[in-house]
Amino acid sequence: MSAAPLTVALLGGGTVGAQVARLLLEQSADLEARVGAPLQLVGVAVRDTAKPREGIPSDLITDDAAELISRGSDIVVEVMGGIEPARSLILQAMAAGSSVITANKALLAADGATLYQAAEESGVDLYFEASVAGAIPLLRPLRESLAGDRVMKVLGIVNGTTNFILSKMDEEGADYADVLAQAQELGYAEADPTADVGGLDAAAKAAILAELAFHTRVTFDDVSCEGITDVTSADVEAARAMGFVIKLLAVAERTPDGSGVIVRVHPAMVPRDHPLASVRDAFNAVFVEAEAAGEMMFYGRGAGGAPTASAVLGDVVAAARNRVSGGRGPGESTYADLPVRPISEALTRYYVNLDVADRPGVLAAIANAFAANGVSIQVVRQDGHGDDAGLVVRTHLASDGALSRTVDELRSLDAVKEVLGVMRVEGEAGA
Ligand code: NAP
Ligand code: HSE
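Bear in mind that the values here come from a model prediction, so they are computed numbers and not experimental data.

Reading guide: rules and limits
- Along each chain, residue indices are assigned from 1 in the same order as the chain's sequence is written.
- Whichever chain is written first is A, and whichever ligand is written first is 1; the rest continue in order.
- Whole-chain, interface and lining totals are the exception, using all residues; otherwise, since this is a predicted model, local features are given only for residues with pLDDT of at least 70 and side-chain atom pairs are given and counted only at 80 or more.
- Just so you know, side-chain values use all the structure's heavy atoms and leave hydrogens and water out.
- For helices, the axis comes from a line fit to the C-alpha atoms of the stretch in contact; other axes are also lines fit to C-alpha atoms, and the angle between any two N-to-C directions lies between 0 and 180 degrees.
- Helix and strand assignments follow DSSP, with helices taken as H or I runs no shorter than four residues and strands as E runs no shorter than two, numbered in order from the N terminus.
- Working rule for angles: under 35 degrees goes down as roughly parallel, over 145 as roughly antiparallel, 65 to 115 as roughly perpendicular, anything else as oblique.
- By convention the crossing between two helices is left-handed if the near helix lies anticlockwise of the far one by an angle smaller than a right angle, and right-handed if it lies clockwise.
- In what follows, residue pairs with any heavy atoms lying within 4.5 Å of each other are defined as contacts.
- Each residue gets one label: Ala, Val, Leu, Ile, Met, Phe, Trp, Tyr, Cys and Pro are nonpolar, Asp, Glu, Lys and Arg are charged, and the others, such as Gly, are polar.
- Should a side-chain nitrogen of Lys or Arg be within 4 Å of a carboxyl oxygen of Asp or Glu, the pair is scored as a salt bridge.
- For the exposure calls, accessible area comes from a 1.4 Å probe over protein chains only, and a residue counts as buried if that area is under 20% of its type's maximum, exposed if over 50%, partly exposed in between.
- When at least one non-hydrogen atom of a residue lies within 4 Å of a molecule or strand, that residue is treated as near it.
- Counting of polar contacts relies on pairs of N or O atoms within 3.5 Å, with two restrictions inside protein: one atom must be capable of donating a hydrogen and the other of accepting it, and residues adjacent in sequence are counted only when both atoms are side-chain atoms.
- Accessibility throughout is a Shrake-Rupley quantity obtained with a 1.4 Å probe, and a residue counts as covered only by protein chains that appear here.
- Any two strands with at least two DSSP-identified bridges between them are counted as paired.

## Considering the packing of helix 7 (residues 160-172) against helix 11 (residues 233-241)
Then comes step 1: Their axes nearest at 10 Å, the elements helix 7 and helix 11 cross at an angle of 65 degrees. What the angle tells us is that helix 7 and helix 11 run roughly perpendicular. Considering only the axes of helix 7 and helix 11, their crossing is right-handed. Contact with helix 7, carried on its side by M169, D170 and E171, involves S233, V236 and R240 of helix 11 and no other residues of that element.
Then comes step 2: Of the residues contributing to the contact of helix 7 with helix 11, the split by class is two nonpolar, one polar and three charged.

Laid out in structure tokens, this is it:
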């Protein structure tokens, strides 16, 4: 026999919210059986009540989110996005005793600690599986399944919009702006898509992943972040010529001596035979490397209304089951309290693309610049064209600082006409 109905209030009825409402209504019988109580959608807060919203009964729509929360629902789902009023509304909901499900990575990465603390004080659940990598179950495995292991590194593609853009540039030679417009139409992009292409969305997700992986508080400001706005079709072509593909990667790792963590987001060249290279369109894929478990790969749809709603609904069911049983999910775990170190301490391989004079001694001068800064060269490829030569150098592991000094020195050489591109290389054997 089912328990009394559990009420659900939805904040946001856009790309994700509309799909959450649809799934809650269409799958109500299955959800009731899985939870042990019916889930009753009591309202959907939006900005513009006049907008047509297919699948959401009009009598549920309201533009008064605070009033909807004040009804004291068992569960409040926040899919409106942004920092305010989302944060105040979530805090109001928790203070009223509602468990909260959110997909809002920007808010979690900016001020997750405040939300965790409020959840703790009110004795309610705070779940946010949909905030990272869309439909892919990733946060629960990190927080629960791997709670007995020691995570060493998390690396992957966590932004669907930029992966969609880079895939189209690589496969179709597509124009950046056209592809971004497509990604927006398909519901992948953030309300302000500069958060996607500027790497900020991926950085927020990297902070959330790092916090869960290393039991250490990591916020958005701790993440070194570079987006794809400077990636040119020439970079994409150069990568292709060398058997690589460019991906926007999020990397959270322990420092080489294990005393801290480094969290970074940047474009990187990945070998075409690496599993990440075949992750196309808005799909995401994340590798987690743990001491005992070894390497695991999580793959699936990273953006879009329905995939994201799937993750939201999983959290709704988890929170609802807790209500029925009287339990509560795990809270924040930051006991390890490791320092977050700057990206300059990270060791990566690099690709450097140079336009140089084609005359004797040039190669030696360039090799000297690398050697003088302690950067070891792995591969050099030269293409002559007229008086100039294109020179592509790939390095062994080097620190960001050593590579920056090398590039400065290269720029000062007469033989170097232009430094055309510098990019990290990830995923090579032994890297
Ligand atoms: P969206 O399509 O822009 O929808 C936002 C919804 O929230 C709209 O219904 C909007 O109302 C409503 N809203 C915004 N501000 C409001 C306010 N102050 N008061 C009341 N309602 C308000 O955004 P989305 O793509 O669904 O994303 C929602 C959240 O999910 C964001 O945090 C996003 O980062 C996250 N997320 C999105 C995806 C994805 O693939 N789209 C994936 C994972 C996570 P109107 O409709 O009237 O404008
Ligand atoms: N804008 C985000 C992306 C949505 O493109 O990945 C999913 O979080």
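## Quick notes on the pattern of salt bridges
Then comes step 1: Under the counting rule described, the total for this entry stands at 23 salt bridges.
Then comes step 2: R264 is the salt-bridge partner of E253, the closest N and O atoms lying 2.9 Å from each other. Of this pair, E253 sits in strand 9 (residues 244-254) while R264 sits in strand 10 (residues 261-271), and the two are eleven residues apart along the sequence.
Then comes step 3: R264 sits in the buried class, given a relative accessible area of 0%.
Then comes step 4: The closest approach of N and O atoms between K417 and D388, which form a salt bridge, is 2.5 Å.

## Quick notes on the site of ligand 1
Then comes step 1: Close to ligand 1 lie 24 residues, the nearest being V16, D48, R53, E190 and G304.
Then comes step 2: In the environment of ligand 1, an oxygen atom lies 3.0 Å from a nitrogen or oxygen atom belonging to the backbone of R47.
Then comes step 3: Within the backbone of D48, a nitrogen or oxygen atom sits 2.8 Å from an oxygen atom of ligand 1.
Then comes step 4: About the coverage of ligand 1: the protein hides 87% of its 900 Å² of free accessible area.
Then comes step 5: For the shell around ligand 1, the class distribution of residues is nine nonpolar, nine polar and six charged.

## Observations regarding the pairing of strand 13 (residues 347-357)
Then comes step 1: Strand 13 sits mainly inside the fold: ten of its eleven residues count as buried.
Then comes step 2: Here strand 13 pairs with strand 15 (residues 388-395) via seven bridges, running antiparallel. Considered in strand 15, the bridge of Y351 is made with R394.

## Thoughts on the site of ligand 2
Then comes step 1: Near ligand 2 you find 13 residues, and of these K105, G160, T161, Y188 and E190 are the closest.
Then comes step 2: At a separation of 2.7 Å, an oxygen atom of ligand 2 approaches a polar backbone atom of G160.
Then comes step 3: Contact between ligand 2 and K205: an oxygen atom at 2.7 Å from a side-chain N or O atom of the residue.
Then comes step 4: About the coverage of ligand 2: the protein hides 94% of its 260 Å² of free accessible area.
Then comes step 5: Breaking the shell around ligand 2 down by element, the ones donating at least two residues are helix 7 and helix 10 (200-214).
Then comes step 6: Residue composition of the shell around ligand 2, by class: four nonpolar, four polar and five charged.

## Concerning unusual backbone geometry
Then comes step 1: Geometrically, the link from E84 to P85 is a cis peptide bond, its omega value of 10 degrees lying close to zero.
Then comes step 2: With respect to the secondary-structure elements, P85 resides in the loop between strand 4 (75-78) and helix 4 (86-95).
Then comes step 3: Even without being a glycine, D281 presents a positive backbone phi close to 50 degrees.
Then comes step 4: Looking at the secondary structure, you find D281 in the loop between strand 10 and strand 11 (283-290).
Then comes step 5: Residue classification places D281 among the partly exposed residues on the basis of a relative accessible area of 24%.
Then comes step 6: With a phi angle near 50 degrees, D337 is a residue other than glycine that sits in the positive phi range.
Then comes step 7: Residue D337 is classed as exposed on the basis of its relative accessible area of 60%.

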